[in-house]
Amino acid sequence: MEVPILKQGEVLIATFQAALSDADLNQLRSGLVRQVVKFRSRAVIVDVTAMDVMDSFASRTLREIAHMIRLRGAETVIVGIQPEVAFAMVQLGLTLEGVATALDLEEGLAYLTQKFKNIN
Amino acid sequence: MAMRPTEEIRVPIHSDQDIVVARQRGRALALGFGFSPGDATLIATAISELARNIVSYAQKGVITLRGIQSSGRQGLLVVASDDGPGIADIRQAMRDGFSTSGSLGLGLPGVRRIMDEFEIHSRFGQGTRVAVKKWNR
């Protein structure tokens, strides 16, 4: 399943409706990095609302995405982590350290708008 | 779909897609047994880690899911077994930090933390069997 990546101005938004396999996550990572380069995007939002489980592989891949995007000078925001998923992540000792998170897509966009305003 | 506690679900694990199938069936079974959504997510996460170890280290194996009962409590048993290379140093594999940070992690300390009971049998060259249980509170 290919994760659709939408372009909204300077922001790329990746959102999906079903659980992602490891291969899907790897594809998401390469797709986002490719498109950030292509569109000279300033930020990426990954909406994980549909993610049923955030295990060690998924958290590592999201951290890697954020770090790669940062090396391009852009910012990543992870939005939509469900309460039960957040609980399981904490119990497992998984973190998204150094990665911005927001409640949902709207909050994520608001965070980026504020951030861009401060830079400009 | 209601399911009698004695029935067993076997999910063959051959690819990363099977990891998703196994954890989704585990979650559905847990919810059917009356586990809270939070506990069902913990169970699904544990299954995800165990199934991934099979794919990563043994290439193929099986996840079995079964309802269990003990002194009036309902529980769920997850067994991950494979005929892969086995784990040479179980104590190292169970060390925290060895698991979550690098790509070499087995995620086993995390699995032990989120489940109520944890048992591992593995010998170098003779496969691995991990059995975990979660009891419904």
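Scope of this entry: the structure provided in the associated data block. Note that the coordinates shown come from a computational prediction; the quantities given were computed from them, not determined experimentally. (Residues numbered from 1 in each chain as written. Chains lettered and ligands numbered in written order. Predicted model: local features only at pLDDT ≥ 70, side-chain atom pairs only at ≥ 80, totals over all residues.)

Counting its secondary structure elements, chain A contains 4 helices and 5 strands. Listed N to C, the secondary structure of chain A is β-β-α-β-α-β-α-β-α in terms of helices and strands. Over its C-alpha trace chain A gives a radius of gyration of 13 Å, about what one expects of a compact globule, namely 14 Å for 120 residues. When the backbone C-alpha atoms are referred to their principal axes, chain A occupies close to 40 × 25 × 25 Å. With 120 residues in all, chain A has 37% of them scored as buried. Once local pairs closer than 6 in sequence are excluded, the contacts in chain A between residues at least 24 apart make up 75%. (Helix = DSSP H or I, 4+ residues; strand = E, 2+ residues; numbered from the N terminus. Rg over C-alpha atoms; globule rule 2.2 N^0.38 Å. Buried ≥ 20, exposed ≤ 12 C-beta atoms within 10 Å, placed from the backbone. Contact = placed C-beta atoms within 7 Å.)

Before going further, it helps to examine the packing of helix H1 (residues 16-32) of chain B against helix H2 (residues 37-58) of chain B. Residue and element names in this part refer to chain B. At a minimum axis separation of 8 Å, H1 and H2 run at an interaxial angle of 155°. As summarised for this structure, H1 and H2 are arranged roughly antiparallel, according to the angle between their axes. The handedness of the crossing between H1 and H2 is right-handed. Each of Asp 16, Asp 18, Ile 19, Ala 22, Arg 23, Gly 26, Arg 27, Ala 30 and Leu 31 in H1 lies in contact with H2, whose residues at this interface are Asp 39, Ala 40, Ile 43, Ala 44, Ile 47, Ser 48, Ala 51, Arg 52 and Val 55. (Axes fitted to C-alpha atoms, helices over the stretch in contact; angles between N-to-C directions. Parallel < 35°, antiparallel > 145°, perpendicular 65-115°, else oblique. Left-handed = near helix turned anticlockwise from the far one by under 90°.)

It is worth spelling out the sheet that holds strand S4 (residues 117-122) of chain B at this point. Residues and elements named next belong to chain B. The 5 strands lie next to each other as S1-S2-S3-S5-S4, forming an open sheet whose pairing is antiparallel. Where the open sheet ends on each side, the last strands, each with one partner, are strand S1 (8-13) and S4. Neighbouring strand axes in the sheet, compared pairwise and without regard to direction, differ in orientation by 15° on average. Along the sheet, H1 makes contact with S1, strand S2 (61-70) and strand S3 (73-82), crossing S1 at roughly 165°. Most of the contacts of H2 go to S3, to which it runs at about 10°, and overall it touches S1, S2, S3 and strand S5 (128-135). (Pairing = 2+ DSSP bridges.)

This paragraph deals with H1(B). Compared with an ideal rise of 1.5 Å per residue, which puts 17 residues at 24 Å, H1(B) spans 25 Å between its outermost C-alpha atoms and is within 8% of the ideal. For H1(B), the complete set of buried residues consists of B:Asp18, B:Ile19, B:Val20, B:Ala22, B:Arg23, B:Gly26, B:Arg27, B:Leu29 and B:Ala30. Packed against the buried residues of H1(B) are helix H1 (22-39) of chain A together with S1, H2, S2 and S3 of chain B. B:Gly34, located one to two residues past H1(B), shows a positive phi value of around 90°. (Expected span 1.5 Å × (residues − 1).)

Contacts between the two partners involve 17 residues from chain A and, on the opposite side, 24 residues from chain B. Broken down by element, the residue count for the side of chain A that touches chain B peaks at 6 residues, all from helix H3 (residues 83-92) of chain A. Within the side of chain A that touches chain B, the residues separate by chemical class into 9 nonpolar, 4 polar and 4 charged. (Nonpolar A, V, L, I, M, F, W, Y, C, P; charged D, E, K, R; others polar.)

What follows covers the nonpolar core. Residue and element names in this part refer to chain B. Counting 66 residues, the largest nonpolar core has Ala 46, Ala 51 and Ile 63 as the members making the most contacts within it. It is H2 that contributes the most residues to this core, 10 residues altogether. Dropping the residues within four chain positions of it, Ala 46 is found in contact with Val 78, Val 111, Ile 114, Met 115 and Val 132. (Core = buried A, V, L, I, M, F, W, Y, C linked by C-beta atoms within 7 Å.)

Hydrogen bonds between backbone groups are what pair the strands of a sheet, and the pairing can be parallel or antiparallel. Residues and elements named next belong to chain A. One open sheet holds the 5 strands; their spatial order is S1-S2-S3-S4-S5, and the pairing between them is mixed. Each edge of the open sheet is held by one strand with a lone partner, namely strand S1 (5-8) and strand S5 (100-102). Along the sheet, successive strands turn relative to each other by an average axial angle of 25°, direction set aside. Two strands pair when backbone bridges link them, and strand S2 (residues 11-15) and strand S3 (residues 43-47) are joined in this way by 5 bridges, in the parallel orientation. Its bridge partner lying in S3, Thr 15 is registered against Asp 47.

Right, let's get into the packing of H3(A) against H2(B). The axes of two packed helices give the description: the angle between them and the distance between them. At their nearest, the axes of H3(A) and H2(B) sit 9 Å apart, and the two run at 55° to each other. When the interaxial angle is binned, H3(A) and H2(B) end up oblique. Helix-helix and strand crossings are classified by hand; for H3(A) and H2(B) the assignment is right-handed. For the pair H3(A) and H2(B), the contacting residues are A:Glu84, A:Val85, A:Phe87, A:Ala88, A:Gln91 and A:Leu92 in the first and B:Pro37, B:Gly38, B:Thr41, B:Leu42 and B:Thr45 in the second. Among the residues making up the contact of H3(A) with H2(B), the classes are represented as 6 nonpolar, 4 polar and 1 charged.

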